[in-house]
Structures are given as structure tokens and as C-alpha cells.
Amino acid sequence: MRRTPTRVCRKTPSTAGAKSKEQTGAWGTLGTIRPLKSFDIESALDKIAETLETKGNRQTIIDVVTSLNNDQRQQVIQLYNASTNQDLVVKIQKYLSGDLEKTIVGLLKTPASYDAQELQASMKGLGTDEATLSEILCTRSNEQLKEIQEIYRKEYKADLEKDIISDTSEPCTSLLLGLAMGKREKDAGITDYGLINQDCKLLSELGPKNSPNTEQWIKILTERSPSHLRKVFDQYNWTHSVDIEETIKKQFKGDFQKTAITLVSVMRNMPLYFADKLFNATKGLGTDQKTISRILISRSETDLISIRVEYRKKYGKSLYSSIQSELKGELQSCLLFVCRAEDL
């Protein structure tokens, strides 16, 4: 006989029992996950609470979490915590395990908290995951980077910039710090041809022993707007008959070279950059589930549809079908819900 679980007692703040406010603006994004218009916080909470209490079908957790956007998930977490005096994320961590647990918990975190977690994880222990550091720092806005730094300080009692300094080596350290500071100019919608020519010249200049001026490269790459940089890259190609990427490969080495190439790729076409990363995470022996989950989680409410389009255009198959073929079980189910649809 099926036991009827005890319903969560509603000792709630003012958000309890209310329908989510309409967030019509978010429907214009290129994210795959958008606010659920029929969001009923009571129903969502009851499904999660019952599953946790009865140790029911874990697919229910997947269904509820992936059907809501992050703001709605935060409301469910707040209501559960206030109603039960327990931490919903902790409860779910104990209930789930492995890659599914990490992915669901990632979806339950705020974007800034999730980014802070991934940055901290990339620098703790032996070795540093510069690829993840570069991915996050190259693709977040000034405002996002500021929030990430605040959350990092609050949750890990550490300073992000100091951790970057202690865990990376020059000149890559200075490049990563330049990104983390969030000083990139906004796209003004005005083409400054003088500045384009000036920056192109500065990137071309060589110092003693034919070495590039690293400080100038860092300043231009980390402070100029994306649209300005694309014009600089085009001008550089026209002037030197070579892409900026080839010059970076020739003039720089190691982690600086890799991070600079990442940054150029992001400035040229961010969705294509992520599409390439997802494809590389699925090819060859073994599948990089961590990278696939991180990208889908972090881009699910911003530009995952654009990433899907670039993936299909370049690789001749859909991201959805790649996830189907490379992943299995509940993790596959969860990420397919985040991906949302097949691109024919």
C-alpha cells in the first residue's frame, strides 16, 4: 500500500503559495529554458518533497527542475527551506549521486554561484584547469564577473584574483586577471577607424628579440568591445594576410597562447566557440560529461539555441542527437531536457 507523504507545512515568506510573476521579457532570449508560464510553486514543491520523502522516482526531480527557469527554482528552494527548516540542495545531494547529482545541483544554484563553484574547482588541488578558467572568464559580462567575484568571496572565503595569481603562471596570470576585472568596453554602435588602426598597429609591434608587447595584447584583448575587436581582427588579416590566431600561435606559448586563442574565438562568435567545445567533449575515446553539463547549464537561459544552430551547421548533426548517442541513463535524460529539441 502506498504511503501518503506528509505535505510540507507552509510557514512561508510572502512568495509562498503564489504563482510566479510573469517574466515576459525572458521569452525573447535564445535560451532553451524559459519561465514556465503555468508555474505553480505549491505543485512543484510537493512533487519534490514527496519524491525525497518516499525515495520515489528520481525522474520526477529531473522533470521539475528542468521545467523551471533559475528564478523559479530559487523560489522553490526558498519555500522548501522556510517550510521545513531544511536545506533542499543538501537533501537532493544526499538523494542523488554522481554526475546526475552534480548537474541537478548546478541547475539549482544561481548562475553566479555555479560559475564561482566551477572556478574554485578548477583551481583547487593539484594542477589547474586553465581551460575552464578561460571558458568562464572569457564569456561572462562585466556585471556577471563582478557578481561572481562577490559570490566567490562569500562562499569560499577567498579572493578570486588572489587564487588566480597563486594557481597560474605569467603571462597567462595577467591575461586571466585582466579578464576577471571586467573592464571590457560596451559596444557603442560606432566604428572608430582610428582606434582600429591603432590597435592593429600595436598588436603588430615587436620589442626586443622580436618579442610581442604582451601588456598591449592583454589590454586590447581584455578591454576593447567585441564588435571593435572583430574589426581589429579583420584589419589585421587585411594588413598582414594572416589571421590573428596564427600570429598568437607563432608569438606566444603555453597557457597564454591557449587562453588568447579562446578569447579570440569568443569575440568572433561565442555560440560557435561553445559548439566547438561541445563537439570536442564528445569526440574520441571517452566523453567529457563535466564539460557538456557545465556548458548546457550555464548557457541554458542565454544562447543555447544559437549554440545548437552553430553545432548543426558545422558538424552536420544536432547537439540533441549527440547527447543521445554519447550519454546514458538519467544524466542523458536530464541534459536532453535542458537541450530541449532536435535540430533537423
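Calculation criteria
Residues numbered from 1 in each chain as written. Predicted model: local features only at pLDDT ≥ 70, side-chain atom pairs only at ≥ 80, totals over all residues. Heavy atoms only, no water. Helix = DSSP H or I, 4+ residues; strand = E, 2+ residues; numbered from the N terminus. Rg over C-alpha atoms; globule rule 2.2 N^0.38 Å. Buried < 20%, exposed > 50% of the residue type's maximum accessible area, 1.4 Å probe, protein only. Arc of directions from axis to C-beta. Polar contact = N/O pair within 3.5 Å; in protein donor to acceptor, adjacent residues only side chain to side chain. Core = buried A, V, L, I, M, F, W, Y, C linked by side-chain atoms within 4.5 Å. Contact = heavy atoms within 4.5 Å. Disulfide = S-S within 2.5 Å. Phe/Tyr/Trp six-rings, centres within 6.5 Å; stacked < 30°, edge-to-face > 60°. Expected span 1.5 Å × (residues − 1).

(A) The arrangement of the overall build of the protein in detail. A tally of helices and strands in the protein yields 20 helices and 0 strands. The globule rule puts the C-alpha radius of gyration for 344 residues at 20 Å, and the 22 Å found for the protein is close to it. Overall, the C-alpha framework of the protein stretches about 80 × 45 × 40 Å when taken along its three principal axes. Taking all 344 residues of the protein together, 47% fall into the buried category.

(B) Layout of the side chain of Ser300. Of note, Ser300 is situated in the loop between helix H17 (289–299) and helix H18 (304–315). For Ser300, a relative accessible area of 2% puts it in the buried group.

(C) A look at unusual backbone geometry. Cis geometry marks the peptide bond from Glu170 to Pro171, where omega comes out at 0°. Mapping Pro171 onto the fold places it in the loop between helix H9 (160–167) and helix H10 (172–180). Here the phi dihedral of Ser241 falls at roughly 55°; this positive angle occurs in a residue that is not glycine. Even without being glycine, Arg340 reaches a positive phi, approximately 85°. Position of Arg340 relative to the elements: it lies in the segment after helix H20 (329–339).

(D) Looking closely at helix H4 (residues 88–95). If you check which residues of H4 are buried, you get Leu88, Val89, Ile92 and Tyr95. The buried residues of H4 occupy an angular sector of 125° when the element is viewed end-on, so they sit on one face. N-capping of H4 is provided by Asp87, with a side-chain oxygen placed 2.9 Å from the backbone N of Val89.

(E) Layout of the nonpolar core. Core analysis: the biggest nonpolar cluster contains 92 residues, and Val76, Ile104 and Leu296 have the highest contact counts within it. Sort the elements by how many residues they give to this core and helix H15 (residues 254–268) lands first, with 7 residues. In this structure Leu296 touches Leu278, Leu304, Leu319, Ile323, Leu335, Val338 and Cys339, once residues within four positions along its chain are discounted.

(F) Up close: the environment of Ser166. Mapped onto the secondary structure, Ser166 falls in helix H9. Between the C-alpha atoms of Ser166 and Met123, which are 43 residues apart in sequence, the distance is 9.1 Å. Within the structure, the side chain of Ser166 is placed 3.0 Å from the backbone oxygen of Asp163, a separation counted as a polar contact. Of note is the side chain of Ser166, whose polar atom sits 3.0 Å from the side chain of Asp167.

(G) Looking closely at the state of the cysteines. Per the stated rule, a full pass over the model turns up 0 disulfides. The closest cysteine sulfur to the non-disulfide-bonded Cys339 is located on Cys334, 12 Å from its own sulfur.

(H) The arrangement of the packing of aromatic side chains in detail. Summed over the entire model, instances satisfying the criterion amount to 7 aromatic pairs. Centre to centre, the rings of Trp217 and Phe252 are 5.3 Å apart; their planes meet at 80°, and the pair counts as edge-to-face. Placement of Trp217 in helix H12 (residues 214–223) and of Phe252 in the loop between helix H14 (244–251) and H15 is noted, with a sequence separation of 35 residues between them. Residues Tyr311 and Tyr315 carry aromatic rings whose centres are separated by 5.4 Å and whose planes lie at 55° to one another, so their mutual orientation is tilted. With Tyr311 and Tyr315 both in helix H18 and 4 residues apart, this pair spans about one turn of that helix. Its relative accessible area of 22% is what places Tyr315 among the partly exposed residues. Counting every residue linked through ring pairs, the aromatic cluster contains Trp217, Phe252 and Phe256.

(I) Just helix H8 (residues 142–156), in detail. Given a rise of 1.5 Å per residue, 15 residues ought to cover 21 Å, and the 21 Å separating the end C-alpha atoms of H8 matches this to within 8%. Turning to H8, its buried residues are Asn142, Leu145, Ile148, Gln149, Ile151 and Tyr152. Against helix H6 (111–123), helix H7 (130–139), H9 and H10 lie the buried residues of H8. Count one or two residues on from H8 and you reach Lys157, which has phi positive near 50°.

(J) Summary view of the environment of Asn142. With respect to the helices and strands, the residue Asn142 is situated in helix H8. Here the alpha-carbon distance between Asn142 and Leu179, two residues 37 residues apart in the chain, equals 8.9 Å. With residues up to four places along the chain from it excluded, the contact list for Asn142 reads Gly182, Lys183 and Arg184.

As far as function goes, none of this settles anything; it's purely spatial.
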